[in-house]
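Structural description and commentary
Each chain is listed here by its residues.
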Amino acid sequence: MASESTAQRRRLVVGNWKMYGSRQENTFLLADILAGWEPLAEVDVAICPSFIYLPQVAEALQGSAIAWGGQSLNPDDSGAFTGEVSGPMLADVNSRYVIVGHNERRRLRAETDQFVALQFVAAQRAGLIPILCVGESAEDRAAGNALAFITAQISAVINLAGIDAVARAVLAYEPIWAVGTGKTATPEQAAEVHAHIRQLFGERGEQLTIVYGGSVKANNAAQLFALADIDGALLGGASLNAEEFLAICRHANTAG
Ligand code: PGA
C-alpha cells in the first residue's frame, strides 16, 4: 500500500475541455464554477478550453484564482503553418499552461516523442508551463512494458530540453486505457508509475509536480490524491461539470 502524502509541492487540478463547449455553454459553466468557488490554499487550478474560446475563458476568469491554458501548440513561434497556434499566441492571451503530448494528439495527430519535445521547448520559450502527458497503452501494460514506455517518452523531452527544464514543468501520467473510458488506474498502479517518474529526476524529483489523468471523478479523486506522489489531476469529462470540477478541486486541497 502506498504511503500517505507528505510532499510540500503545491497540488494542481487542470480541466481539459477538449473539443467541447460553445460560447453559451462556456458562459454557464464558468459562471457556475465561479459561483461555487471557495479559496483553496493548497491547489493551483486551470482550465484549458479549445483555442477559439481562450479569450472568452480569459475574460471570465480574469481576477479569479483560476488560470487558463492551451491544449497544444506548434513548435514554431510564427510562420506559414495554416491552422496552427503558437506559444507566443497562447502567452498573448495570458495563458499560464499548455498541454503537450496528450495521448489523443499522439495517436490521432501522429505526434511523436521528438515532436512533443519540440513543443515542450517552445512552450517554455514562450513563458508557459508545459503539462507533459505520458502514458502507456493497455497492450504495453499487459506486456509489462509500461514503465519502459513512459521512461522513453520522458527521456525524449529530457534529451532536448535538459533535465532541469523538465523538472520545472508539470508531468501528467495518463494511462491511455483510462482516458475517457471510466476505468481509473488503481491507486497502486498510479502510485507505482508516479514514484517511477519522480525517481527519474533524482533530487529534482521532489519539486516536480506529477498529476494523474484518466477518468478522475469526484468519487475517486480523494483516494488518488491521498497518495504521496500524486500531486493533482488532469481532468477531461469531469471538468465539464461545475459541481464535479469544484468537488475535485476541494479534494485536492484537503488531501494528504
Ligand atoms: P477523462 O480525460 O478525465 O475524461 O478520462 C482525461 C484527459 O484526457 O486528460
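Now for the sheet that holds strand β1 (residues 11–16). Strand order in the closed barrel made by the eight strands is β1-β2-β3-β4-β5-β6-β7-β8, with parallel pairing throughout. Between one strand axis and the next, the sheet turns by 30 degrees as a mean value, whatever way the strands run. With four bridges connecting them, strand β5 (residues 129–134) and strand β6 (residues 170–173) associate as parallel partners. Bridging across to β6, L132 finds its partner in L171. Most of the contacts of helix α7 (residues 146–161) go to β5, to which it runs at about 150 degrees, and overall it touches β5 and β6.

Taken together, the neighbourhood of the ligand is formed by 13 residues, with K18, H102, E174, G180 and S215 sitting nearest. Within the backbone of S215, one N or O atom sits 2.8 Å away from an oxygen atom of the ligand. Burial of the ligand by the protein amounts to 97% of the accessible area it has alone, namely 280 Å². Looking at the shell around the ligand residue by residue, the classes come out as four nonpolar, seven polar and two charged.

Here we come to the confidence of the model for the protein. When the pLDDT values of the protein are averaged, the result is 95; 96% of them are 70 or greater. The low-confidence segment residues 1–7 (pLDDT under 50) makes 15 contacts with residues lying over four places distant or belonging to another chain.

So, about unusual backbone geometry. One non-glycine residue, N94, adopts positive backbone phi at about 60 degrees. The topology assignment puts N94 in the loop between α3 (87–92) and β4 (97–100). Located in the positive-phi region is S215, a residue other than glycine, with phi close to 60 degrees. Relative to the elements of secondary structure, S215 occurs in the loop between β7 (209–213) and α10 (218–225).

Turning next to the environment of A221. Tracing the chain through its elements places A221 in helix α10. We classify A221 as buried; its relative accessible area is 0%. Taking the C-alpha atoms as reference points, A221 and R250, separated by 29 residues in sequence, lie 9.7 Å from one another. Residues contacting A221, with those up to four places away along its chain left out, are V216, I248 and H251.

What follows concerns α7. Each α-helix winds once per 3.6 residues, and so residues spaced three or four apart point in a common direction. In a regular helix each residue adds 1.5 Å, so 16 residues correspond to 22 Å; α7 covers 23 Å between its end C-alpha atoms and thus fits that length. For α7, the set of buried residues is A146, I150, Q153, I154, A156, V157 and I158. Immediately beyond the C-terminal end of α7, within one or two residues, lies G162, with a positive phi of roughly 95 degrees.

Moving on to the packing of helix α1 (residues 23–36) against helix α11 (residues 242–254). Relative to each other, α1 and α11 sit at 40 degrees, their axes nearing to 9 Å. The angle between α1 and α11 places the two elements in the oblique class. The handedness of the crossing between α1 and α11 is right-handed. Only A242, F245, L246 and R250 of α11 make contact with α1, whose side of the interface consists of L29, D32, I33 and G36. Its residues placed into classes, the contact of α1 with α11 shows five nonpolar, one polar and two charged.

Here we take up the nonpolar core. Judged by nonpolar contacts, the single largest core of 66 residues is most densely connected at I47, L171, I197, Y212 and I248. Top element by residues in this core is α11. It accounts for seven residues. Sequence-distant contacts of L171, defined by excluding residues within four places in its chain, comprise L132, V134, I154, V166, I197, L208, T209, I210 and V211. Core analysis: the next-biggest nonpolar cluster, separate from the first, contains 13 residues, I131, C133, V170 and V211 among them.

The rules behind the values
Residue numbering note: each chain is counted from 1, following its sequence as written. Residues qualify for local features only when their pLDDT is at least 70, as the model is predicted, and side-chain atom pairs are given and counted only at 80 or more; totals for whole chains, interfaces and linings, by contrast, use all residues. Derived side-chain values reflect all non-hydrogen atoms in the structure, with water molecules and hydrogen atoms excluded from consideration. Pairing between strands is defined by DSSP: at least two bridges between them are needed. Counting from the N terminus, the helices are the DSSP runs of H or I reaching at least four residues and the strands are the DSSP runs of E reaching at least two. Where helices are involved, their axes are fitted lines through C-alpha atoms of the stretch in contact, as for all axes, and angles between N-to-C directions lie from 0 to 180°. Note on contacts: a residue pair qualifies if any of its non-hydrogen atoms lie within 4.5 Å across the two residues. Near is defined per residue: the residue qualifies when any heavy atom it owns lies within 4 Å of the molecule or strand. Identification of polar contacts relies on pairs of N or O atoms within 3.5 Å, with a donor-acceptor requirement for protein atoms, meaning one able to donate a hydrogen and the other able to accept it, and with residues adjacent in sequence counted only if both atoms are side-chain atoms. Only the protein chains shown count as cover for residues, and the accessible areas themselves come from Shrake-Rupley with a 1.4 Å probe. Residues were grouped as follows: Ala, Val, Leu, Ile, Met, Phe, Trp, Tyr, Cys and Pro as nonpolar; Asp, Glu, Lys and Arg as charged; and all remaining residues, including Gly, as polar. pLDDT is defined as a per-residue confidence score from the predictor, taking values between 0 and 100. For each residue, the accessible area found with a 1.4 Å probe, counting protein chains only, is set against the maximum for its type, and the residue is called buried under 20%, exposed over 50%, and partly exposed in between. To estimate how far a helix should reach, multiply one less than its number of residues by 1.5 Å. Angles below 35 degrees are treated as roughly parallel, those above 145 as roughly antiparallel, those between 65 and 115 as roughly perpendicular, and all remaining angles as oblique. Whether a crossing is left-handed or right-handed is set by the direction in which the near helix is turned from the far one by less than a right angle, anticlockwise for left-handed and clockwise for right-handed. We define the nonpolar core as a collection of buried residues of types Ala, Val, Leu, Ile, Met, Phe, Trp, Tyr and Cys that are connected through side-chain atoms lying within 4.5 Å of one another.

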